[in-house]
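Analysis of the macromolecular model
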Amino acid sequence: MPHAVDFATVSTAGLESSPVADALAGLRANEARYFKNKYDHVFTTEPASDAAPAIGWVSRILQEERGIVIASPPLEATEFEVEGIRMAYVFYESGLSINVMYTIEDGGKRAVGFKLSDGMDVPEELGAFKFARQKSKLAGTIRGSYFVIKGEY
């Protein structure tokens, strides 16, 4: 069952098995705040067991574009469309968050973003990427990277 992510009161609900649950919850809340402020969209997530289509889409893009398979199990995911952009997020037990931004109209922006929760190491499968740091009141220090999607999905 999908639940709205509250960014005023950060909760670890659904993320408790992560060794960096508090930081991952802050990261999830940070995304919720962004979508509420920018698009007036309520960011909802659901357990990975209920989000197979979203997780499958993200996994397929990672595999086909870069040969990446994420070792950590997914905990929660979401997918939605806002202003002509298909978005998907997967939050992993390791503290990793992956998002896909896929503009539906041809010629638009399409990319995969990686965000690492405060306190987690860079996963081996993402070792080739360079991560920039940003500060967040909700998530502490977020390390992020991305790549542009070249194929059609």
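Please refer to the structure placed before this passage.
Overview of the structure. (Residues numbered from 1 in each chain as written. Predicted model: local features only at pLDDT ≥ 70, side-chain atom pairs only at ≥ 80, totals over all residues. Heavy atoms only, no water.)

Turning next to helix H2 (residues 52–66). In this model H2 runs 21 Å from its N-terminal to its C-terminal C-alpha over 15 residues, within 8% of the 21 Å that 1.5 Å per residue would give. Along H2, the residues that are buried comprise Ala54, Ile55, Trp57, Val58, Ile61, Leu62 and Glu65. In an axial view of H2, the angular spread of the buried residues amounts to 160 degrees, which keeps them on one side of the axis. For H2, exposure combined with an orientation more than 90 degrees from the buried face picks out Ala52, Pro53 and Glu64. On its buried face, H2 sits against strand S3 (74–82), strand S4 (85–92), strand S5 (96–103), strand S6 (110–116) and strand S8 (140–148). The first or second residue beyond H2 is Gly67, which carries a positive phi of 70 degrees. (Helix = DSSP H or I, 4+ residues; strand = E, 2+ residues; numbered from the N terminus. Expected span 1.5 Å × (residues − 1). Buried < 20%, exposed > 50% of the residue type's maximum accessible area, 1.4 Å probe, protein only. Arc of directions from axis to C-beta. Contact = heavy atoms within 4.5 Å.)

Proximity of charged atoms lets side chains of opposite charge pair with each other. Following the criterion strictly, the structure yields seven salt bridges and no others. A salt bridge links Arg28 to Glu76, with the shortest nitrogen-to-oxygen separation between them at 2.5 Å. With Arg28 in helix H1 (residues 21–39) and Glu76 in strand S3, this pair connects stretches of sequence that are 48 residues apart. Like Glu76, Arg28 is buried. Across the salt bridge formed by Glu64 and Arg60, the nearest N and O atoms sit 3.1 Å from each other. Highlighted residues: Glu64 and Arg60, both in helix H2, separated by four residues, approximately one helical turn. According to the relative accessible area criterion, Arg60 is partly exposed, its value standing at 38%. Linked through salt bridges whose partners overlap, the residues forming this network are Asp106, Arg110 and Glu152. (Salt bridge = Lys/Arg side-chain N within 4 Å of Asp/Glu carboxyl O.)

Further remarks concern the packing of aromatic side chains. The geometry of two aromatic rings is summed up by the distance between their centres and the angle between their planes. If you walk through the whole model with that rule in mind, you get 14 aromatic pairs. Consider the rings of Tyr34 and Tyr39, whose centres lie 6.3 Å apart with planes at 80 degrees: the pair is edge-to-face. Classification of Tyr34 by relative accessible area gives partly exposed; the value is 40%. Looking at Tyr39, the relative accessible area reads 18%, which means it is buried. Both rings, one in Phe35 and one in Tyr89, keep their centres 5.9 Å apart while their planes meet at 90 degrees; by these two values the pair is edge-to-face. Of the two residues, Phe35 sits in helix H1 while Tyr89 sits in strand S4, which places them 54 residues apart along the sequence. (Phe/Tyr/Trp six-rings, centres within 6.5 Å; stacked < 30°, edge-to-face > 60°.)

Across a sheet, strands are paired by hydrogen bonds formed along the backbone, either parallel or antiparallel in direction. A sheet is described by the order of its strands in space; here eight strands give the open sequence S1-S2-S3-S4-S5-S6-S8-S7, paired in antiparallel fashion. The two strands at the open ends of the sheet, each matched to only one other strand, are strand S1 (3–4) and strand S7 (132–136). Where S6 meets S8, six bridges bridge the pair, whose relative direction is antiparallel. Bridge assignment links Ala111 to a residue of S8, and that residue is Val148. Against the sheet, H1 engages S1, strand S2 (44–47), S3, S4, S5, S6, S7 and S8, with an angle of about 165 degrees to S4. (Pairing = 2+ DSSP bridges. Axes fitted to C-alpha atoms, helices over the stretch in contact; angles between N-to-C directions.)

Next up on the list: the pairing of S6. Among the seven residues that make up S6, seven are buried, leaving the element largely enclosed by the rest of the structure. Burial along S6 is two-sided: Arg110, Val112, Phe114 and Leu116 facing one way and Ala111, Gly113 and Lys115 facing the other are all buried. Where S5 lies against S6, seven bridges are found, and the strand directions are antiparallel. If you follow Val100 over to S6, its bridge partner there is Val112.

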